[in-house]
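Overview (structure and organization)
Residues per chain, in single letters:
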Amino acid sequence: MPQRLSNHYKISVNMYTSQMIRVQWGNYMSEYYDVYNGVKQGGVISPILFIMYMDALLCKLASSKAGCHIGSTFCGALGYADDIVLLSPSLIDTKILLGICSEFAIEFDVMFNPSKSKLLLFGGINVPPGGVTFMGGDIDVVQHDNHLGNPIGHNSDAVCIDRAISDLYAKTNMIMCHFSYCSYQIKYQLFRTFCMPLYGCTLWNFTGNNINRFYTAWRKCVRRIIGVPYNTHGRYLHEICEDDPIIVQLLSRFIKFVKTIVKSDNHLSNICRNLALHGSRSSIPNTMSLVSCLSKMSKIDMYIKCQCRGLNNVLYCTSQQMWQE
């Protein structure tokens, strides 16, 4: 081993074999005591060390031949940080994968929390009597659950949009409460910054009925932000704000997301991309068709944009009158 790498190795070993901590409670400090497991929370090298640690489990799961496969590619275990998703075509395979995780936990002194584990069933599979146990506890069967901040499961698209609408209303009310005295330009910039991150919106179904509920909520919030009458046509709102229509904003994010997947070197990501675009029930092909249709309407959009510009002053005066009243 080169001297430089040897030094780094020695430093890392020393960090995790000679570490001591103490607990602070108010103004009181406990005595120091040794820590023999876990990585340092917030440490720069901690994610890398954790990945190296958990890679052995992922390799064991892949070599079990259980779980889901796409062709000859194993996709039955997806790991991100300390979250692991197990995918299997049957309950028998699920129990095999869970058994491997239990053995790994015993061998490497890892704690898996069964109360935080959830079981989602697709395709009409019924849970056997007694359910599914893991690490001495029962796994709850749910219709949908969060993974990395995104709901997955039955009717997850509606759940995502319901949460986005609720969050949009709450943040809009907060802006109007604290910044009502500001100009509508400033309030809209705050709205763009704090109300429109919309984490996970690239996975929404833009051709379903649920997305229309979000568009309606967006229009209501923007009317409040810029102070125009409630019956102001939604076509003019983005023009007053000098911004793109909401559908264009969301589809732009979707296109960037697809481009990122296309450029990915990950083999499994490439397989999922090809399935989503050409051979699955994913909403991505429908959204791509929607993007194509909208791009063909660019001349019409430009005409509408030119027609709407002359209404800015009229609507702005109307909003000023409402504010004074």
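Our subject is the structure listed above.
Residues numbered from 1 in each chain as written. Predicted model: local features only at pLDDT ≥ 70, side-chain atom pairs only at ≥ 80, totals over all residues. Heavy atoms only, no water.

1. Concerning the overall build of the protein
Along the backbone of the protein there are 12 helices and 14 strands. Long-range pairs, those at least 24 residues apart, make up 57% of the contacts in the protein with a sequence separation of at least 6. As displayed, the protein has an accessible area near 21200 Å², and 57% of this comes from carbon and sulfur atoms. (Helix = DSSP H or I, 4+ residues; strand = E, 2+ residues; numbered from the N terminus. Contact = heavy atoms within 4.5 Å. Areas by Shrake-Rupley, 256 points an atom, 1.4 Å probe, with all protein chains shown as cover.)

2. Structural notes on the packing of helix α6 (residues 210-226) against helix α8 (residues 246-262)
Geometry of a packed helix pair, given as the angle between the helix axes and the separation of the axes. At their nearest, the axes of α6 and α8 sit 10 Å apart, and the two run at 125° to each other. On the basis of their axis angle, the class for α6 and α8 is oblique. On α8, the residues that touch I211, F214, Y215 and W218 of α6 are I246, I247, Q249 and L250. Residues of the contact of α6 with α8, tallied by class, amount to 7 nonpolar, 1 polar and no charged. (Axes fitted to C-alpha atoms, helices over the stretch in contact; angles between N-to-C directions. Parallel < 35°, antiparallel > 145°, perpendicular 65-115°, else oblique. Nonpolar A, V, L, I, M, F, W, Y, C, P; charged D, E, K, R; others polar.)

3. Regarding α6
Along its 17 residues, α6 runs 25 Å from first to last C-alpha, staying within 8% of the 24 Å computed at 1.5 Å per residue. Buried residues of α6: I211, F214, Y215, A217, W218, C221, V222, R223, I225 and I226, and no others. Looking one or two residues past α6, G227 carries a phi angle of roughly 75°, positive in sign. (Expected span 1.5 Å × (residues − 1). Buried < 20%, exposed > 50% of the residue type's maximum accessible area, 1.4 Å probe, protein only.)

4. Describing the nonpolar core
By size, the foremost hydrophobic cluster in this structure holds 35 residues, and its most contacted members are L168, F191, W204, F214, W218, I226 and L250. Mapped onto this core, the elements with two or more residues apiece are α4 (156-178), α5 (184-194), α6, α7 (237-240) and α8. Among the elements that line this core, the one with the most residues is α6, at 9 residues. The residues touching L168, leaving out its near neighbours within four places in the chain, are F191, C195, M196, F214, A217, W218 and C221. (Core = buried A, V, L, I, M, F, W, Y, C linked by side-chain atoms within 4.5 Å.)

5. Topic: the environment of K187
Its location among the elements puts K187 in helix α5. K187 sits 11 residues away from M176 along the chain, and the two C-alpha atoms are 8.0 Å apart. In contact with K187, other than residues within four places in its own chain, are I175, M176, F179, S180, C182 and I225. Reaching out from K187, the side chain makes a polar contact with the backbone oxygen of I225 at a distance of 3.4 Å. (Polar contact = N/O pair within 3.5 Å; in protein donor to acceptor, adjacent residues only side chain to side chain.)

6. Topic: helix α9 (residues 267-278)
With 12 residues, α9 should reach 16 Å at 1.5 Å per residue; the first-to-last C-alpha distance of 17 Å fits that figure. Listed in full, the buried residues belonging to α9 are L268, N270, I271, R273 and A276. The opening residue of α9 is N266, an N-cap whose side-chain oxygen sits 3.0 Å from the backbone nitrogen of L268.

7. Details of the side chain of D93
Inspection of the secondary structure puts D93 in helix α3 (residues 91-108). Setting aside chain neighbours within four positions, we find D93 in contact with A66, G67 and S88.

8. Description of the pattern of salt bridges
This structure, assessed with the given rule, holds 5 salt bridges. Two residues, D140 and K118, come together in a salt bridge whose shortest N-O distance is 3.5 Å. Of this pair, D140 sits in strand β12 (residues 140-141) while K118 is found in strand β9 (residues 118-119), placing the two residues 22 residues apart along the sequence. Note that D243 is salt-bridged to R192, the shortest N-O span being 3.3 Å. Here R192 lies in helix α5 and D243 lies in the loop between α7 and α8, a separation of 51 residues in the sequence. (Salt bridge = Lys/Arg side-chain N within 4 Å of Asp/Glu carboxyl O.)

9. What about the packing of aromatic side chains?
Across all of its chains, the model carries 5 aromatic pairs by this definition. Geometrically, the ring pair formed by F104 and F108 is tilted, given 4.5 Å between the ring centres and 35° between the ring planes. With F104 and F108 both in helix α3, this residue pair falls 4 residues apart, about one helical turn. Judged by its relative accessible area of 0%, F104 is buried. (Phe/Tyr/Trp six-rings, centres within 6.5 Å; stacked < 30°, edge-to-face > 60°.)

10. Thoughts on the packing of α4 against α6
Two elements in contact, α4 and α6, have axes whose closest approach is 9 Å; the angle formed by their N-to-C orientations is 5°. For the element pair α4 / α6, the angle class is roughly parallel. Residues D157, A158, I161, D162, A164, I165, L168, Y169, T172, N173, I175 and M176 of α4 lie in contact with α6, whose contacting residues are N210, I211, R213, F214, A217, W218, K220, C221, R224 and I225. Its residues placed into classes, the contact of α4 with α6 shows 14 nonpolar, 3 polar and 5 charged.

11. What to know about the pairing of strand β14 (residues 150-153)
Along a regular strand, successive side chains alternate from one face of the sheet to the other. Of the strand pairs in this sheet, strand β13 (residues 144-147) and β14 are connected by 4 bridges, and their pairing is antiparallel. Across the sheet, H147 pairs through a bridge with N150, a residue of β14. With antiparallel pairing between neighbouring strands as the criterion, β13 and β14 make up a hairpin whose turn holds 2 residues, including L148 at a positive phi of roughly 55°. (Pairing = 2+ DSSP bridges.)

12. Description of unusual backbone geometry
The backbone of N155 shows a phi angle near 55°, a positive value even though the residue is not glycine. Considering the arrangement of structural elements, one finds N155 in the loop between β14 and α4. For N155, a relative accessible area of 56% corresponds to the exposed category.

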